[in-house]
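A structural walkthrough
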Amino acid sequence: MKNILSRCAVATAMLSMATCVGATTVIDYTDFSSVAGLTLNGNAAQVGNVLRVTPAVGGQSGSAFSTTAVSLAANASFSTFFQFRFTQPAGSDGQGVGADGLVFTVQTVGNNVGGAGGGIGYAGINNSVGIEFDTWNNGSGDNNSSNHVGIDVNGSVTSLVLAEVNEADMNNGDVWNAWVDYNGGSNLLEVRLTRSAVRPGAAILSLTRNLATDLGTTNAFVGFTSGTGAAWANHDVLTWTLADNFAPIGGGNVPEPASLALLGLGLAGLGLGRRKQA
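**Let's talk about the overall build of the chain**
Regarding its fold elements, the chain presents 3 helices and 16 strands. Counting every position in the chain, which comprises 278 residues, the buried fraction comes to 52%. Restricting the contact set of the chain to residue pairs at least 6 apart, pairs at least 24 apart contribute 66%. Total accessible area computed for the chain in this model is approximately 10,500 Å², and 53% of it derives from carbon and sulfur atoms.

Written out as structure tokens, the structure is:
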């Protein structure tokens, strides 16, 4: 586990070398055996080496945010990669079992938590953007879907845009890989999601929006929210990396062969540099 405010280095195996160039990795958790640098709110807790944002109990609401604000000075730009898993689901909406999901959230306060149940721990958090991974059908506001991704702003869980997750049920206990990138220069926000460790070429969801205007600042707290209601699941975050500018992160935990080759060249270069200095 690496703590918040670590630098992007060639030894960061989950990033490709091309991604590392010019990027600053300000958050890098390879697991959550320690949650140093995070503020846990509501029902969120560290459980073993995972961040459990809500447990498989009804009526819960939890959040975990960076204790220190992250400077997103490049027009609020950022890139992040995280892995999550939902387990022990119970309760059904007639389409699937378990609720209510997880929201990756960028906001201006670090110690708050939103509404439980369909609020997914995000409802009511102002000056924010949230990417919801929603596993409960709350009606027309969810496009009558119990397995979707949506982009929310300013504490509303009525998504501006929404996409069905067709690959599998997110409550199936598998590890899911998610990438969220925001380019403040073009105002393009993109979300990618798959169980594969390979970053998809195409986004599952995108939106053009000025997030700096929504936030009202380029200093933001980043993290996750979750909620349960009459149905529930364990909502766990397993790993998390975030760069404080637009620097799309490649792959999952295992570098692809090309990245491994570049990593080796980078390490060799470091060795040569050190011998020259000796």
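There's more to say after this.
**Examining the environment of Arg85**
Summarising the element assignment, Arg85 is placed in strand 7 (residues 78-90). Sequence separation of Arg85 and Ala233 is 148 residues, and the distance between their C-alpha atoms is 9.7 Å. When near neighbours in sequence (up to four residues on either side) are disregarded, Arg85 contacts Val50, Gly173, Asp174, Val175, Asn234, His235, Asp236 and Leu238.

**Regarding the side chain of Thr105**
Position of Thr105 among the secondary structure elements: in strand 8 (residues 101-107). On the accessibility criterion, Thr105 (0% relative accessible area) is buried. Looking at Thr105, its side chain comes within polar contact range of the main-chain oxygen of Val103, at 3.4 Å. Look past the residues within four positions of Thr105 in its chain and what remains in contact with it is Phe65, Tyr122, Ser128, Val129, Gly130, Phe221, Val222, Gly223 and Thr225.

**Here's the deal with the pattern of salt bridges**
Counted under the stated rule, the structure contains 6 salt bridges. With a shortest N-O distance of 2.7 Å, Arg52 and Asp236 are connected by a salt bridge. Of the two residues, Arg52 is situated in strand 4 (residues 50-54) and Asp236 in strand 16 (residues 232-243); the sequence distance between them amounts to 184 residues. There is no split in this pair, since Arg52 and Asp236 are both buried. As a salt-bridge pair, Asp214 and Arg209 come within 2.7 Å of each other at their nearest N and O atoms. Among the ionic contacts, a cluster of salt bridges with common partners joins Glu167, Asp174 and Arg195.

**Side note on the pairing of strand 7**
Bridge count between strand 7 and strand 12 (residues 176-183): 7 bridges; the pairing is antiparallel. Its bridge partner being in strand 12, Phe81 is matched across the sheet by Trp179. Note that strand 7 and strand 16 share 10 bridges and pair antiparallel. Bridge pairing links Phe82 to Trp240 in strand 16.

**What to know about the confidence of the model for the chain**
Residues at a pLDDT of 70 or more form 82% of the chain, whose mean pLDDT is 86. Overall, residues 4-21 carries pLDDT values under 50, and its contacts beyond four positions in sequence, including any with other chains, amount to 49 contacts. In this model, residues 253-278 is a region of pLDDT below 50 whose contacts with residues beyond four sequence positions or in other chains number 16 contacts.

**Focus: the nonpolar core**
Among the nonpolar cores identified, the biggest contains 46 residues, and Phe84, Phe104, Phe133 and Trp240 are the most heavily contacted of them. If near-sequence neighbours (up to four positions away) are discounted, Phe84 is found in contact with Leu102, Phe133, Met170, Asp174, Val175, Trp176, Ala178, Leu193, Asp236, Val237 and Leu238.

Reading the values: the criteria
Residues numbered from 1 in each chain as written. Predicted model: local features only at pLDDT ≥ 70, side-chain atom pairs only at ≥ 80, totals over all residues. Heavy atoms only, no water. Helix = DSSP H or I, 4+ residues; strand = E, 2+ residues; numbered from the N terminus. Buried < 20%, exposed > 50% of the residue type's maximum accessible area, 1.4 Å probe, protein only. Contact = heavy atoms within 4.5 Å. Areas by Shrake-Rupley, 256 points an atom, 1.4 Å probe, with all protein chains shown as cover. Polar contact = N/O pair within 3.5 Å; in protein donor to acceptor, adjacent residues only side chain to side chain. Salt bridge = Lys/Arg side-chain N within 4 Å of Asp/Glu carboxyl O. Pairing = 2+ DSSP bridges. pLDDT = per-residue confidence, 0-100. Core = buried A, V, L, I, M, F, W, Y, C linked by side-chain atoms within 4.5 Å.

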